[in-house]
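Architecture and fold: a report
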Amino acid sequence: DTEVTQTPKHLVMGMTNKKSLKCEQHMGHRAMYWYKQKAKKPPELMFVYSYEKLSINESVPSRFSPECPNSSLLNLHLHALQPEDSALYLCASSQNGQGSTDTQYFGPGTRLTVL
Amino acid sequence: AQSVTQLGSHVSVSEGALVLLRCNYSSSVPPYLFWYVQYPNQGLQLLLKYTSAATLVKGINGFEAEFKKSETSFHLTKPSAHMSDAAEYFCAVSNFGNEKLTFGTGTRLTIIP
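Presented here is an overview of the structure given in this document.

Definitions and limits used
Within every chain, residues take consecutive numbers counted from 1 along the sequence as written. Starting at A for chains and at 1 for ligands, labels are handed out in the order in which the entities are written. For this predicted model, a pLDDT threshold of at least 70 governs which residues receive local features, and a threshold of 80 or more governs which side-chain atom pairs are given and counted, while totals over whole chains, interfaces and linings are taken from all residues. Calculated side-chain values reflect all of the structure's heavy atoms, with hydrogen atoms and water omitted. Strands here are runs of E lasting at least two residues and helices are runs of H or I lasting at least four, both read from the DSSP assignment and numbered beginning at the N terminus. Contacts are assigned to residue pairs that have any heavy atoms within 4.5 Å of one another. In this text, buried Ala, Val, Leu, Ile, Met, Phe, Trp, Tyr and Cys residues form a nonpolar core when linked through side-chain atoms within 4.5 Å. Each residue's exposure class comes from its accessible area (1.4 Å probe, protein chains only) as a fraction of the maximum for that residue type: buried when under 20%, exposed when over 50%, partly exposed otherwise. Polar contacts, as used here, are pairs of N or O atoms within 3.5 Å; protein pairs need one atom able to donate a hydrogen and one able to accept it. Residues neighboring in sequence count only if both atoms are side-chain atoms. Two rings belonging to Phe, Tyr or Trp (six-membered ring only in the last case) form a pair when the distance between their centres is within 6.5 Å. Interplanar angles under 30 degrees mark stacking, angles over 60 mark edge-to-face geometry, and anything in between is tilted.

1. Looking at the side chain of B:His75
The topology assignment puts B:His75 in strand S8 (residues 73-78). The contact partners of B:His75, leaving out residues within four places of it in the chain, are B:Leu20, B:Leu21, B:Arg22, B:Cys23, B:Asn24, B:Trp35, B:Glu64, B:Ala65 and B:Glu66.

2. Considering the nonpolar core
Grouped together as the largest cluster of nonpolar side chains are 27 residues, with contacts concentrated most on B:Trp35, B:Leu48, B:Phe74, B:Leu76 and B:Tyr89. Sorting the residues of this core by element identifies strand S2 (10-14), strand S3 (19-27), strand S4 (31-38), strand S5 (44-50), strand S7 (64-68), S8, strand S9 (87-95) and strand S11 (107-112) of chain B as the ones contributing at least two each. If we skip the residues at most four places from it in the chain, B:Leu48 touches B:Leu33, B:Phe34, B:Trp35, B:Val57, B:Lys58, B:Gly59, B:Phe63, B:Glu64, B:Ala65, B:Phe74 and B:Leu76. Counting residues in each nonpolar core, the second largest holds 23 residues, with A:Leu21, A:Met32, A:Ala87 and A:Val114 among its members.

3. Examining the environment of B:Arg108
Residue and element names in this part refer to chain B. The topology assignment puts arginine 108 in strand S11. Residue arginine 108 is classed as partly exposed on the basis of its relative accessible area of 32%. The sequence separation of arginine 108 and asparagine 41 amounts to 67 residues, and the corresponding C-alpha distance is 14 Å. Excluding residues within four positions of it along the chain, arginine 108 makes contact with Ser9, His10, Val11, Ala87 and Glu88. A distance of 3.1 Å separates a polar atom in the side chain of arginine 108 from a polar atom in the side chain of glutamate 88.

4. A few points about the packing of aromatic side chains
Tallying each qualifying case throughout the model produces 13 aromatic pairs over all chains. Their ring planes at 80 degrees and their centres at 5.9 Å tell us that A:Tyr35 and B:Phe103 sit as a pair that is edge-to-face. In this pair, A:Tyr35 sits in strand S4 (residues 31-37) while B:Phe103 sits in strand S10 (residues 102-103), so the two residues belong to two different chains. Its relative accessible area of 0% is what places A:Tyr35 among the buried residues. Assessed through its relative accessible area of 10%, B:Phe103 is described here as buried. With 5.6 Å between their ring centres and 20 degrees between their planes, B:Tyr25 and B:Phe67 make a pair best called stacked. With a gap of 42 residues between them, B:Tyr25 in strand S3 and B:Phe67 in strand S7 connect regions that are remote in the sequence.

Laid out in structure tokens, this is it:
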């Protein structure tokens, strides 16, 4: 099973709302990633968790708050977002993360719209 | 620093024709190179990857790519295009010990019936 699941598929929120995106994998992978993808653009890395510890934060604004409760689950907490944060948010996982030959398996994404 | 450049943001080929999507890389150390495909409203799926073993890499769906160090290239090819190949294709690079995957700007492939 090489599946990464993401919920919800679509999310519409106001600028004052608090919401969370959820990502789950059951492949025993120890590295998990959040990417942001704007329309007609490549994915941009936001965060990397390796062995449940935050290892990379690509200078993401604090209104995005990642959380890795366990090795199978990754959350992205959203608060006070701006309309320009509307995008497809992709989660990925890989076996280890330290070795860059690892394949990253992507979920289908959450389409976020901020009003 | 590592980066990839994809030449051609849009490529159109006729069904049954050769598919050639171009990718050139820049890396100060030996790179690891990947091709991903993204169908509309979906996540990314790995087509193939080069990890310093064989320079000709075969992937899924009949795609293959050849690593050419002298040309710093990793072009993606498929002998005969199928309608189902219509999608966005991303080339990506990483380096040993670096978890970060850097993507190119993507090439949208259109198949003409």
